[in-house]
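# A closer look at the structure
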Amino acid sequence: MKYDVVIIGSGLGGLICARQLAQSGRSVLVLERHAQPGGCLQSYRRGDMDFDTGLHYVGGLAEGQPLHEAFEKLGLMGLPWHRLDANGFDQITIGKKTFPLAEGFDRFAAVLGEYFPNEKDGLSQYVKMLEHLPPMEEISQVGAYDYLKSLFHDPLLINVLSGTAMKMELRRESLPLFNFTHSMSSYIQSSWRLKGGGDLIVGSLTKDIKDFGGEIVCRAEVQELVEKGGRIVTAKCADGKTYEGTIFISDAHPQLTFSWIKESYLLKGIFRRRINALENTFGVFTASLVLKPDTLPYFNHNKYVYRKANVWTFGEDIGGVGGVMVSCRVPESGDYARQVDLLTPMPEVLYKAWENTKVGRRGEAYEQHKKYVTNECIRLAERVLPGLRDMIEKRYISTPLTWRDYTLSPCGSAFGIRKDYRQPLLTMLSPKTPIPNLFLTGQSLVLHGLEGVTMTAFNTLEEVKKIRN
């Protein structure tokens with residue numbers, strides 16, 4: 001059978017594209033290399049508990065806000081979304097001081113203005129820009145750090161405003177203001193957790209895909225895309241099966257996607273070299289903790305804890321954990337948390353010794369390294385959760401190598417290709433490729449995160465609509 005659309009990868013971007021195209025009446029096939037769909041939204045089960053891999057919270061879901069309309073179209077607003085504390089959806093602790101980030105642009109500026117009274121004018125200007133985000137062409141060539149430095153005089157405030165940005169890669173020399181502000185703006189409008197795991201999103205989208213007549217094939221690892229007559233015609237999988245299509249969409253990393261095309265008249269050597277030369281963002285170390293019952297009251301916000309005021313550079317310090325995000329899962333029942341995640345960036349140098357190993361076969365030194373980093377994360381988290389160590393019943397650890405082996409993201413990159421305001425045309429990719437019936441989607445194109453991938457998927461769909469079969 002030849003499909004109208006073959007989609008490779010079932011991360012959020014791939015599933016959104018599949019759902020919308022199947023709903024429009026196209027014959028759609030999704031190929032997924034793992035045993036279950038979901039990509040970074042997958043949950044995994046240990047004992048009687050589910051654990052998230054990539055989803056911790058999302059912004060802008062209230063009516064009239066950025067994600068609401070898209071999630072309405074996707075049938076996702078009916079999921080059990082739980083709104084975080086409006087008086088401080090995020091709390092930033094730097095050294096011994098804690099600063100709450102309040103919901104709503106004016107309130108956000110007013111609360112921080114109480115801590116930084118000399119910066120009220122700058123804060124007002126900052127939130128006005130976040131409320132009315134300039135188009136990409138205006139700020140994609142502006143550095144985020146340079147912008148903050150030009151607006152604020154107090155370096156501590158710059159660190160506080162950047163303190164939640166552990167959900168992206170902060171690099172003073174490259175991060176575009178466009179990516180920084182898009183990641184920040186929607187969370188200030190409203191922040192939400194799922195009461196349950198990211199698999200709820202996956203389950204809703206996959207059910208719709210199937211209900212609309214689409215197919216999802218798991219354990220189908222694509223190894224080659226065959227080009228003929230200037231178009232991709234077939235996807236070949238590791239098990240020897242082949243799948244024909246009219247249009248192909250890849251939700252895999254662009255570097256991986258183009259490596260599947262062995263022979264092409266359209267992919268020139270200079271293009272391949274440019275894609276392969278693009279740098280990737282750092283990976284993330286995650287300690288998922290199971291807590292003893294009735295030991296930690298649920299907290300309805302995220303905690304970001306930094307050892308000192310070096311938010312923009314702490315991830316480069318290989319001497320220990322300098323910052324950690326503490327995320328609390330909404331309890332299934334009661335007022336006490338059972339699951340807490342600790343996340344921290346992990347420079348490649350810290351896991352490079354095991355880069356040629358696979359999950360479960362990395363050796364004792366790797367296990368000891370994971371234990372050391374976990375203990376460092378716990379020690380830092382205890383600045384805001386005293387006695388956390390004694391509350392822990394079980395712990396499950398993942399490193400960028402875990403991420404790499406499950407998602408095939410180079411080096412376990414958490415946010416895909418690194419964006420650079422000095423080279424926006426090179427580092428921000430279009431859904432279109434030199435091959436007219438091959439499209440890209442996913443976090444490596446322009447924006448990452450749940451909102452960014454959703455926006456990118458709809459951009460991919462707009463490009464697909466322009467194709468005449």
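That block above? That's the structure.
Treat the numbers as computed from the prediction; the structure is a model and nothing was measured.

The next subject is the overall build of the protein. Within the protein one finds 16 helices and 19 strands. For the protein, whose C-alpha radius of gyration is 22 Å, the value lies close to the compact-globule estimate of 23 Å for 469 residues. Dimensions of the protein along its principal axes, counting C-alpha atoms only, are 65 × 50 × 45 Å. Burial status across the protein gives 59% buried among its 469 residues. As displayed, the protein has an accessible area near 20,000 Å², and 49% of this comes from carbon and sulfur atoms. Taken as two groups, the 56 positive and 53 negative side-chain charges of the protein have centres that lie 4 Å from each other.

On to the pattern of salt bridges. Following the criterion strictly, the structure yields 18 salt bridges and no others. A salt bridge links Glu 279 to Arg 418, with the nearest nitrogen and oxygen atoms 2.7 Å apart. Taken together, the residues Glu 279 in the loop between helix H11 (269–277) and strand S14 (283–291) and Arg 418 in the loop between helix H14 (400–407) and helix H15 (424–427) connect sequence positions 139 residues apart. Taking relative accessible area as the criterion, Glu 279 reaches 46% and is therefore assigned partly exposed. Among the residues examined, Arg 418 registers a relative accessible area of 13% and is labelled buried. A single salt-bridge network, built from bridges that share partners, covers Glu 169, Glu 279 and Arg 418.

Parameters and conventions
Residues numbered from 1 in each chain as written. Predicted model: local features only at pLDDT ≥ 70, side-chain atom pairs only at ≥ 80, totals over all residues. Heavy atoms only, no water. Helix = DSSP H or I, 4+ residues; strand = E, 2+ residues; numbered from the N terminus. Rg over C-alpha atoms; globule rule 2.2 N^0.38 Å. Buried < 20%, exposed > 50% of the residue type's maximum accessible area, 1.4 Å probe, protein only. Areas by Shrake-Rupley, 256 points an atom, 1.4 Å probe, with all protein chains shown as cover. Lys, Arg positive; Asp, Glu negative; His and termini not counted. Charge placed at Lys NZ, Arg CZ, Asp CG, Glu CD. Salt bridge = Lys/Arg side-chain N within 4 Å of Asp/Glu carboxyl O.

Keep in mind that these numbers describe shape and distance, not what the molecule does.
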